[in-house]
Amino acid sequence: MTVGSLAFTEPATTQHYLPEQHSVTDTTTPPQHRAREAAMPFIMLTVLIDMISIGLIVPVLPALVGQFTGTHADQAFWYGAVAFAFGLANFFGSPILGALSDNHGRRPVLLLGFCGLALNFFATAFATALWMLIVVRLVGGAMQSNAAVCNAYVADITPPEQRAKRFGMIGAMFGVGFIIGPVMGGLLGAVDLRLPFIVAGSLALVNLAYGYFVLPESLPVDRRRAFSWKSANPLTSLQALSRLKTVGPLVAVIACNGLAQFMLFTIWVLYTTFKFGWGPLENGQSLAAVGIMSVLVQGVLLGPLLKRFSPQRLAVIGLVSSTAAYLLWGAASQGWMMYAVIFANIFGATVNASIQSIISSAVDSHSQGQTLGAVSSLNSLMAVVAPIIAAPLLGAVSHLPKGDWRIGTPFYFCAALQLIALVLAFLHFRRQRHARTESQPAENRQETEEAM
C-alpha cells in the first residue's frame, strides 16, 4: 500500500497562442514574491499541509456515511458511491487543470485546488443527507488536481536524472501527512465525526494563504504553452500518454497498479471495521503506520535503492512485493497481521516514484503538466472504477463473521491486478533491454544489461 496516489492520487515559449499576444504576465503572484526562486522546500511544505488535511478525513468518512445507512452492505455501497463521485469529477478535471498549469503556471492552479479542498471539507462537515455528500465530492473532485500539479512543479525545477529521487521526496511528504493526519483524524473523530472535516478545511485555508503569500511559481513565462481543450480532454490526454515513445505500454501497468491501490483506499477502513471491529482511532493508527513506511522508504531508502537498482528493476521488485502484500492483507485473521505486512512491504512503496520517473523523463519540459496530468487522469479513472468493483465485492462478504478469510476477497482481486502489472512491466522492460543491446556494439551490451 502506497500513499502517493491517494487518494488517494496533482511548460516553454513566450507566445501564448492568443491573437496578437506574445507574452504571459503572472498576475496571480504578489510583486514582492515574483523574484523568489522555486525550490523543493516550498512545494514539500505545500504537499505536507495538503496531505495532513486529506489524511484527517480518511478514518472518519466511512463512519460518517454509515450515519446515513442501516446495514454494512448499504454502508459499503454508499461509501463506494461517494468515492465514485470524487473520482469521476477528478477524472475530467485533472487533465484540464494540468493543461491550465502548463499555460498559466503551477501556482494559480494549486490555489484553486486548495479552495476546492476547503469547500469540500467544510460542506461535508455540515452535510445532512447522502446526496449532499455526493454533490460536495463532485465539486471538490472537479476543482483540485494537487498531486499532478505538484509533480509538474517538481519536474519544472529538477533535471531528469534526479526526478526519481525528488518524486520520492514528495512521496515522503505524502507519508508524513499520512502519519499526522489519520492519527489526528482518529482522535478528533472519537470526539465528533464531523470535527476532523472542520479542522481539515481550516488546514486547506492555511495552505491557500501559504500558496498566495509564500509559494513561488516554478514555471517561467518562456516555458509555457497554449491551452487547448482538445489536449485537455481526458480521453485525448490518455491517448497521448499511450503514444509516448518507449513508455506507452506502461499505461496498462499504471492502470492495474492504480486500480489496485484505489480499491485498497476505498475499502481499507470498512474492511478493518468489518473484519476486526476497528473504529476511527484504530484505523487512524493503521494509516499512520502506512505513512511511516512511506516516509522511511521514499524519504530515506529510495535514494540508496536507486543507486543499486535502475527505476525499471525497482518497479518490478516493488510489484512483486505488492502482489504478496495484497494476498497477505486479505488472508489476515488478526489486526496485528495488517501491521506486519505494512512494515514488510518495503519495495511496494517504490513503484509509483519509479514509474513516474520513467514517464516524466520521456517528455520535454513544455509538456510536464499535461503529461503528469494525464497520469493523474488515468489514476482518477481508476478511482472511478475502483468503488464500482471494491464496494460490491466487500458488500457481498460483509455478512460473514469477523476474522473470516473470505472478507479479504477485494484484496485477492487487487493481488491479481498487481500480478498482471508485474507481468506487463517485466515484458516491457525486457523488450526495451533487448532493443538497446541490439543497437549497441557488442562490448557495451553486457554493461547495458546490468544497468537495466
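Residues numbered from 1 in each chain as written. Predicted model: local features only at pLDDT ≥ 70, side-chain atom pairs only at ≥ 80, totals over all residues. Heavy atoms only, no water.

Chemist: How should the overall build of the chain be read in this particular structure?
Modeler: Per the secondary structure count, the chain includes 18 helices and 0 strands. When burial is assessed residue by residue, the chain has 59% of its 452 residues classed as buried. Accessible surface, the chain: about 17,400 Å² in total, of which carbon and sulfur atoms supply 66%. (Helix = DSSP H or I, 4+ residues; strand = E, 2+ residues; numbered from the N terminus. Buried < 20%, exposed > 50% of the residue type's maximum accessible area, 1.4 Å probe, protein only. Areas by Shrake-Rupley, 256 points an atom, 1.4 Å probe, with all protein chains shown as cover.)

Chemist: How do you make sense of the packing of helix 11 (residues 250–276) against helix 13 (residues 311–331) when you look at a structure like this?
Modeler: Put simply, helix 11 and helix 13 touch, their axes get as near as 12 Å, and they point 25 degrees apart. The angle between helix 11 and helix 13 falls in the class roughly parallel. When the axes of helix 11 and helix 13 are compared, the crossing they make is left-handed. In this structure, helix 11 uses Val253, Asn257, Ala260, Gln261, Leu264, Trp268, Tyr271 and Lys275 to contact helix 13, whose residues at the interface are Leu319, Tyr326, Trp329, Gly330 and Ala331. Partitioned by chemical class, the residues of the contact of helix 11 with helix 13 number 9 nonpolar, 3 polar and 1 charged. (Axes fitted to C-alpha atoms, helices over the stretch in contact; angles between N-to-C directions. Parallel < 35°, antiparallel > 145°, perpendicular 65-115°, else oblique. Left-handed = near helix turned anticlockwise from the far one by under 90°. Contact = heavy atoms within 4.5 Å. Nonpolar A, V, L, I, M, F, W, Y, C, P; charged D, E, K, R; others polar.)

Chemist: Even after reading the chapter, I still don't get the pattern of salt bridges, so can you show me in this structure?
Modeler: Side chains that carry opposite charge are capable of pairing whenever their charged atoms lie near each other. Enumeration according to the criterion identifies 4 salt bridges in this entry. Between arginine 406 and aspartate 404 there is a salt bridge, and its shortest N-O distance comes to 2.9 Å. Classification of aspartate 404 by relative accessible area gives buried; the value is 13%. What emerges from the salt-bridge pattern is a single network uniting Asp102, Arg106, Asp156 and Arg223. (Salt bridge = Lys/Arg side-chain N within 4 Å of Asp/Glu carboxyl O.)

Chemist: Help me out: how do you make sense of the nonpolar core in this one?
Modeler: Side chains of nonpolar character tend, in soluble globular proteins, to be buried together. In terms of nonpolar packing, the biggest core is built from 110 residues, with Ile43, Trp268 and Trp329 touching the most fellow members. A per-element tally of this core places helix 11 first, with 19 residues. (Core = buried A, V, L, I, M, F, W, Y, C linked by side-chain atoms within 4.5 Å.)

Chemist: Explain a nonpolar patch on the surface here, please?
Modeler: A cluster of nonpolar side chains, contributed by Leu88, Phe92, Leu119, Trp131, Val135, Leu138 and Val139, occupies part of the molecular surface with about 620 Å² of accessible area. Every element with two or more residues in the nonpolar patch is listed here: helix 3 (72–104) and helix 5 (130–143). Among the elements that take part in the nonpolar patch, helix 5 stands out by supplying 4 residues, more than any other. Its place among the elements puts valine 135 in helix 5. On the accessibility criterion, valine 135 (40% relative accessible area) is partly exposed. (Patch = residues over 30% accessible without salt bridge, like charges linked within 9 Å, V, L, I, M, F, W, Y side chains within 5 Å.)

Chemist: Quick question: what am I supposed to make of the packing of helix 13 against helix 14 (residues 335–344) here?
Modeler: Relative orientation and spacing of two packed helices are given, respectively, by the angle between their axes and the distance between those axes. For the pair helix 13 and helix 14, the least separation of the axes is 9 Å and the interaxial angle reads 175 degrees. Compared by their axis directions, helix 13 and helix 14 come out roughly antiparallel. Every residue of helix 14 that contacts helix 13 at Ala325, Leu328 and Trp329 is listed here: Met338, Val341 and Ile342. Among the residues forming the contact of helix 13 with helix 14, the class breakdown is 6 nonpolar, no polar and no charged.

Chemist: When you look at the packing of aromatic side chains in this model, what are you seeing that I'm missing?
Modeler: For any pair of aromatic rings, the description rests on two quantities: the centre-to-centre distance and the angle between the ring planes. Evaluation of the coordinates by the stated rule reveals 13 aromatic pairs. Aromatic side chains phenylalanine 262 and phenylalanine 265 sit 5.8 Å apart centroid to centroid with 90 degrees between the ring planes, which places their arrangement in the edge-to-face category. Pair noted here: phenylalanine 262 and phenylalanine 265 are both in helix 11, with a separation of 3 residues, about one helical turn. Judged by relative accessible area, which is 5%, phenylalanine 262 ranks as buried. Phenylalanine 265 gets classed as buried once you look at its relative accessible area, which sits at 13%. (Phe/Tyr/Trp six-rings, centres within 6.5 Å; stacked < 30°, edge-to-face > 60°.)

Chemist: Looking at this structure, I do not really get the confidence of the model for the chain. What am I missing?
Modeler: Segments scoring low in pLDDT should not have their predicted coordinates read at a detailed level. Overall, the prediction assigns the chain a mean pLDDT of 80, with 82% of residues at 70 or greater. The least confident element of the chain, judged by mean pLDDT, is helix 18 (residues 442–451) at 54; the most confident is helix 14 at 94. Under a pLDDT of 50 for its full length, residues 1–35 has, in the predicted model, 98 contacts with residues more than four places off or in other chains. (pLDDT = per-residue confidence, 0-100.)

Chemist: Explanation requested: helix 11 in the structure shown.
Modeler: The end-to-end C-alpha distance of helix 11 is 36 Å, a good match for the 39 Å that 27 residues give at a rise of 1.5 Å each. The axis of helix 11 is deflected most strongly, by about 50 degrees, at isoleucine 267. Helix 11 sits mainly inside the fold: 25 of its 27 residues count as buried. Directly after helix 11, the chain includes glycine 277, whose backbone phi takes a positive value near 75 degrees. (Expected span 1.5 Å × (residues − 1). Bend = angle between axes of the 7 residues up to and from the residue.)

Chemist: Explain the environment of alanine 288 to me, please; I cannot follow it from the model alone.
Modeler: Residue position: alanine 288 is located in helix 12 (residues 280–308). Sequence separation between alanine 288 and glycine 181 is 107 residues, and the spatial gap between their C-alpha atoms is 7.7 Å.

Chemist: Honestly, the environment of arginine 107 in this entry has me stumped. Any pointers?
Modeler: Residue placement: arginine 107 occurs in helix 4 (residues 106–125). Between the alpha carbons of arginine 107 and glycine 211 there is a distance of 7.1 Å; along the sequence they are 104 residues apart.

Chemist: Please explain the environment of alanine 200 as it appears in this structure.
Modeler: Assignment of secondary structure puts alanine 200 in helix 8 (residues 195–213). Placed 151 residues apart in sequence, alanine 200 and isoleucine 49 show a C-alpha to C-alpha distance of 9.5 Å. Each residue touching alanine 200, except ones within four places of it in the same chain, is listed here: Ser53, Leu56, Ile57 and Phe121.

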